[in-house]
Amino acid sequence: MWDDAFPSFLIGLREGLEAGLIVSVLVATLVRAGAGSRLPQVWTGVLAAIALSMSFGAVLTFTAASLSTTAQEAFGGALSIVAVAFVTAMVFWMRRSARGLAGEIKEKVTEALAMGAGVLVLTSFLAVGREGLETALFLWTTARAANESAGPMTGAGVGLVLAALLCWGLYRRVLRINLTRFFTVTGAVLVVIAAGVLGYGLRDLQEGAVLPGGTAYAFDLSGSVDAGSWYSTLLQGVLNLTPAMTWLQVAGYAGYLAVVMTLFVGGVRGVRGVRKVRAVPGVRSHGNTTPPRPGSGSPDRPAGPAQVRPVPARPRWLLPAAVVAVPALLAGLVVALAHPKPAAGETVAVSGTDCGRGFTAPKPGRQDFLMHNTGNQTSEVYLIDPSSNAVYGEIEGLAPGTTRDLVATVAGGTYAWRCVPADGKAVTSTAVRVGGAAGAHAVAPVSDRDLAAPLKAYRAYVDRGLATLVTQARKLSGDIRAGHLDTARTDWLTAHRTYASLGAAYGTFEDFDRKIDGRPDGLPGGVHDKDFTGFLRIEYGLWHGEPAAGLKGVAQQLADDAAGLLKAFPHQDFDPSDLPLRAHEILENTLQFELTGDTDQGSGTGLATADANLVGTRELLAVLKPLLTTRAPRLLPTVDVDIARLQKLLDSAHHGTGWTPVDRLDHAAKARLDGATGHLLEDLSPVPDLLEVRKSA
């Protein structure tokens, strides 16, 4: 988590120290002026600034959550650019203003003492509020880049606590810090971090379709860099440098770093030799400390106690409570408007006889429908456009007598309910019309008919593969029968790879899969059990010195089972919905079994099998391409990049006719393989939902 926490730790430490030093100046000035009773007004302003900053963070979080995925990318990218601008301005402002900051704050406090409590509250609020808003924006941006909030929030919390301790130590004269050097060093580091945030923001804008060039990569080192290694994670978490970056990202990153760092370093050199640091209480040049004492005759002290207007008596807690509550209430209002609660839900009946009863035309916006199953069967229910069958929302497994919420966004268009009882026919309710502009997001439906053409194409692919498998299995059996075990090992791998490339059909093969490629797991006799047959049984014998005589029967049985499967397959029930499921499951099994060595019975060819599984996945995606392209046009280009990356890694483990065993891969190579496979699985995960078969009326 440290890689995600460090940028936030640094911003928390630096911004916290800036705000803390400002507060120290405010407090010390009041104490020197003999106006210690006005300190609660300073802390009221500080509390108000903290409340505003936290409320700003909440607004960002909940506003983004109400947007579509594409809009979230664009929103996050835009705010990343804004965060970079704020951080850049803050770095240069602090370098330029540090020496005169204390004097400026003291002048404002002196004026505030003569003008009343409200001005002093406002002074401390403005002094601290800017730092808080910058911190909130930067934290939101880094948390979004990390895809989690625990690391960034932990880092920021540690940084703020440390900043508070440093400020206390400076004020109490127990610490000495060269603040000029501190802000210079941290400023340079923040410039580098901001360059990474800029690159990340530009990538978000590309993925949000705001900027072009989303597939124009300047480099792609994914095949040679382990995305899961500690150094890769550190670079991505701290600097937002990723193995693959577009030309726009690289240009933005390099351009920002070159220009801003040059200006920053040049500015530092311009002030070198000036050693005077702002007169923070307890701090003088080079970090030396002096104890500020009221009545010491310091020129900073006003000539006498400040004359203030009488203030009507009121509860001490009223003003602090008000300035803390107002930002929170305003944030709640903004969140409510940007992310409105669904309209109070109407109860809609779900059953085969009164589907949609109680449904009336809703107003545009997010709606909460209370779906109540009034029938006697578990049902599915969909909110659809009856003209296109597009689905806006759904509930699966709604039990009889139960009620569940279905939240959906409604815009201009026609809507109806489709109820699908477990053992009955789908029923569609009467349609209602909603006025206004269209724009609600829906998932285009997929039917068995839509999957008919891909299923036919894949069946033909499996038929060809099984015919090849029968020929190869018979050759393997002949090798063993003739005692040519070296040749048999080569032919075994060829035949096994052919079978492994048919992964999407495994669920259709019924008992044949267990006979042809079953594992010994769970068998009473393990590898010596009589029911352990097929490829893995032959593999165990060939690579454990078993004589040909003991393998003849097993090899002949494999050839017979392959022939039996070829004959049976045209008559086996191949569920069309298996195709989108297998797009993800083939490689899921690869990661679980082949890449762990779990299925290896001595040949060390797990990566060869993984390669064949990748071939099968590629073939499956090819037949599903027409359906996926219309529903998620950006999915397949991304997956193609992932497949090429994984293929390159597998090819690097293939040496002539041999393959590197999984257990002989070095740690980095194994991590790269696992990372590339996991990344591909993540990008394939939407396929089952996109191509889920839904019943129609």
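Residues numbered from 1 in each chain as written. Predicted model: local features only at pLDDT ≥ 70, side-chain atom pairs only at ≥ 80, totals over all residues. Heavy atoms only, no water.

**Section: the overall build of the protein**
So, step 1. Scanning the protein for helices and strands turns up 19 helices and 12 strands.
So, step 2. When the 697 residues of the protein are sorted by exposure, 48% land in the buried category.
So, step 3. Put simply, 76% of the contacts in the protein that link residues at least 6 apart link residues at least 24 apart.
So, step 4. Carbon and sulfur atoms form 60% of the exposed surface of the protein, whose accessible area is close to 32200 Å². (Helix = DSSP H or I, 4+ residues; strand = E, 2+ residues; numbered from the N terminus. Buried < 20%, exposed > 50% of the residue type's maximum accessible area, 1.4 Å probe, protein only. Contact = heavy atoms within 4.5 Å. Areas by Shrake-Rupley, 256 points an atom, 1.4 Å probe, with all protein chains shown as cover.)

**Overview of the pattern of salt bridges**
So, step 1. The final tally for this structure, using the stated rule, is 11 salt bridges.
So, step 2. Note that R357 and D354 form a salt bridge whose closest N and O atoms lie 2.9 Å from each other.
So, step 3. Ionic pairing is found between E585 and R582, a salt bridge with its closest N-O pair at 2.7 Å. Taken together, the residues span about one helical turn, with E585 and R582 both in helix α15 (residues 578-592) at a distance of 3 residues.
So, step 4. With a relative accessible area of 28%, E585 lands in the partly exposed category. (Salt bridge = Lys/Arg side-chain N within 4 Å of Asp/Glu carboxyl O.)

**Considerations on the environment of P152**
So, step 1. Following the sequence through the fold, P152 ends up in helix α5 (residues 150-171).
So, step 2. Its relative accessible area of 0% is what places P152 among the buried residues.
So, step 3. Considered as a pair, P152 and G12 are 140 residues apart in the sequence and their alpha carbons are 9.8 Å apart.

**Here we look at helix α17 (residues 635-651)**
So, step 1. Its 17 residues place the ends of α17 24 Å apart at the C-alpha level, agreeing with the 24 Å of an ideal helix rising 1.5 Å per residue.
So, step 2. All buried positions along α17 are accounted for by L635, L636, V639, D642, I643, R645, L646, Q647, L649 and L650. (Expected span 1.5 Å × (residues − 1).)

**Some points on the sheet that holds strand β7 (residues 403-410)**
So, step 1. Strands sit in the order β3-β4-β7 across an open sheet of 3 strands; the sheet is mixed. The open sheet is flanked by β3 (347-350) and β7, the only strands paired with a single partner. Recorded for the sheet is a direction-independent mean angle of 35° between the axes of neighbouring strands.
So, step 2. Relative to strand β4 (residues 365-373), β3 runs parallel, the two sharing 4 bridges. (Pairing = 2+ DSSP bridges. Axes fitted to C-alpha atoms, helices over the stretch in contact; angles between N-to-C directions.)

**A closer look at the pairing of strand β6 (residues 390-398)**
So, step 1. The sheet contact formed by strand β5 (residues 379-385) and β6 spans 6 bridges and is antiparallel. Residue Y382 lies in a different strand from β6, and its bridge partner there is E394.
So, step 2. The hairpin formed by β5 and β6 contains 4 residues between the paired strands, and N389 there has a positive phi angle of roughly 65°.

**Quick word on the nonpolar core**
So, step 1. Counting 73 residues, the largest nonpolar core has Y458, F509, I538, L607 and L620 as the members making the most contacts within it.
So, step 2. Setting aside residues no more than four positions away along its own chain, Y458 makes contact with S501, L502, G503, A504, A505, F574, L579, G616, E619, L620 and V623.
So, step 3. Core analysis: the next-biggest nonpolar cluster, separate from the first, contains 23 residues, I11, F138, A156 and M261 among them. (Core = buried A, V, L, I, M, F, W, Y, C linked by side-chain atoms within 4.5 Å.)

**Here we look at the pairing of strand β8 (residues 413-421)**
Regular strands place side chains that alternate from one sheet face to the opposite one.
So, step 1. The element β8 is largely enclosed, with a buried count of 8 among its 9 residues.
So, step 2. Sheet topology places β5 next to β8; 6 bridges connect them, and they run antiparallel. Looking at the pairing, V381 lines up with C419 of β8.
So, step 3. Here 3 bridges tie β8 to strand β10 (residues 432-434), and the two strands are oriented antiparallel to one another. Pairing of G413 across the sheet is with V434, part of β10.
So, step 4. Inspection of the sheet shows β8 paired to strand β9 (residues 427-428) by 2 bridges, in the antiparallel sense.

**So, the state of the cysteines**
So, step 1. Inspection of every chain in the model, using the stated rule, returns 1 disulfide.
So, step 2. The residue that forms a disulfide with C355 is C419, at a sulfur-sulfur distance of 2.0 Å. The S-S bond linking C355 to C419 shows a torsion near 80°; that makes this disulfide right-handed. Residue C355 is found in the loop between β3 and β4, and its partner C419 is found in strand β8; the two are separated by 64 residues along the sequence. Comparing C355 with C419 shows no difference in burial state: the two are buried. (Disulfide = S-S within 2.5 Å.)

**A closer look at unusual backbone geometry**
So, step 1. Of note in this structure, N389 is not a glycine but carries a positive phi near 65°.
So, step 2. In this structure, N389 sits in the loop between β5 and β6.

**Thoughts on the side chain of D642**
So, step 1. Structurally, D642 is set in helix α17.
So, step 2. Excluding residues that lie within four positions of it along the chain, D642 makes contacts with H679, L680 and D683.

**Some details on the packing of aromatic side chains**
So, step 1. For the structure on display, the rule yields 12 aromatic pairs.
So, step 2. For the ring pair F369 and W417, a centre distance of 5.2 Å and an interplane angle of 80° mean the geometry is edge-to-face. Taken together, the residues span a long stretch of sequence, with F369 in strand β4 and W417 in strand β8 at a distance of 48 residues.
So, step 3. A relative accessible area of 1% places F369 in the buried class.
So, step 4. For W417, a relative accessible area of 0% corresponds to the buried category.
So, step 5. Ring plane angle 70° and centroid distance 5.4 Å describe the contact between W492 and W543, whose orientation is recorded as edge-to-face. Of this pair, W492 sits in helix α11 (residues 485-500) while W543 sits in the loop between α13 (535-542) and α14 (548-568), placing them 51 residues apart in sequence.
So, step 6. In this structure W492 comes out as buried when scored by relative accessible area, which is 0%. (Phe/Tyr/Trp six-rings, centres within 6.5 Å; stacked < 30°, edge-to-face > 60°.)

**A closer look at α14**
So, step 1. The end-to-end C-alpha distance of α14 is 30 Å, a good match for the 30 Å that 21 residues give at a rise of 1.5 Å each.
So, step 2. Among all positions in α14, only A548, L551, V554, A555, L558, A559, D561, A562 and L565 are buried.
So, step 3. Elements in contact with the buried residues of α14: α10 (452-481), α11, α12 (511-517) and α13.

**Let's talk about a negative patch on the surface**
So, step 1. Residues D448, D450, E510, D511, D573 and D575 make up a contiguous surface patch of negative charge.
So, step 2. Inspection of the secondary structure assignment puts D575 in the loop between α14 and α15. (Patch = residues over 30% accessible without salt bridge, like charges linked within 9 Å, V, L, I, M, F, W, Y side chains within 5 Å. Lys, Arg positive; Asp, Glu negative; His and termini not counted. Charge placed at Lys NZ, Arg CZ, Asp CG, Glu CD.)

**Observations concerning the packing of α10 against α11**
So, step 1. The contact between α10 and α11 brings their axes to 9 Å, and the two run at 160°. In terms of orientation, α10 lies roughly antiparallel with respect to α11. Handedness of the crossing formed by α10 with α11: left-handed. Together, G465, T468, L469, Q472, A473, K475, L476, D479 and I480 of α10 and T487, A488, D491, W492, T494, A495, T498 and Y499 of α11 make up the contact between the two elements.
So, step 2. Tallied by class, the residues present in the contact of α10 with α11 amount to 8 nonpolar, 6 polar and 3 charged. (Parallel < 35°, antiparallel > 145°, perpendicular 65-115°, else oblique. Left-handed = near helix turned anticlockwise from the far one by under 90°. Nonpolar A, V, L, I, M, F, W, Y, C, P; charged D, E, K, R; others polar.)

**Focus: a nonpolar patch on the surface**
So, step 1. Where nonpolar side chains cluster on the molecular surface, the patch consists of L47, I50 and M54 and spans about 300 Å² of accessible area.
So, step 2. By secondary structure assignment, the location of I50 is in helix α2 (residues 39-65).
So, step 3. Its relative accessible area of 41% is what places I50 among the partly exposed residues.

**Some remarks on the side chain of D354**
So, step 1. Its location among the elements puts D354 in the loop between β3 and β4.
So, step 2. A polar contact is formed between the side chain of D354 and the side chain of R357, at a distance of 2.9 Å.
So, step 3. In this structure the side chain of D354 is engaged in a polar contact, spanning 3.0 Å, whose partner is the side chain of T374.
So, step 4. Sequence-distant contacts of D354, that is, excluding residues within four places in its chain, are made with A349 and T374. (Polar contact = N/O pair within 3.5 Å; in protein donor to acceptor, adjacent residues only side chain to side chain.)

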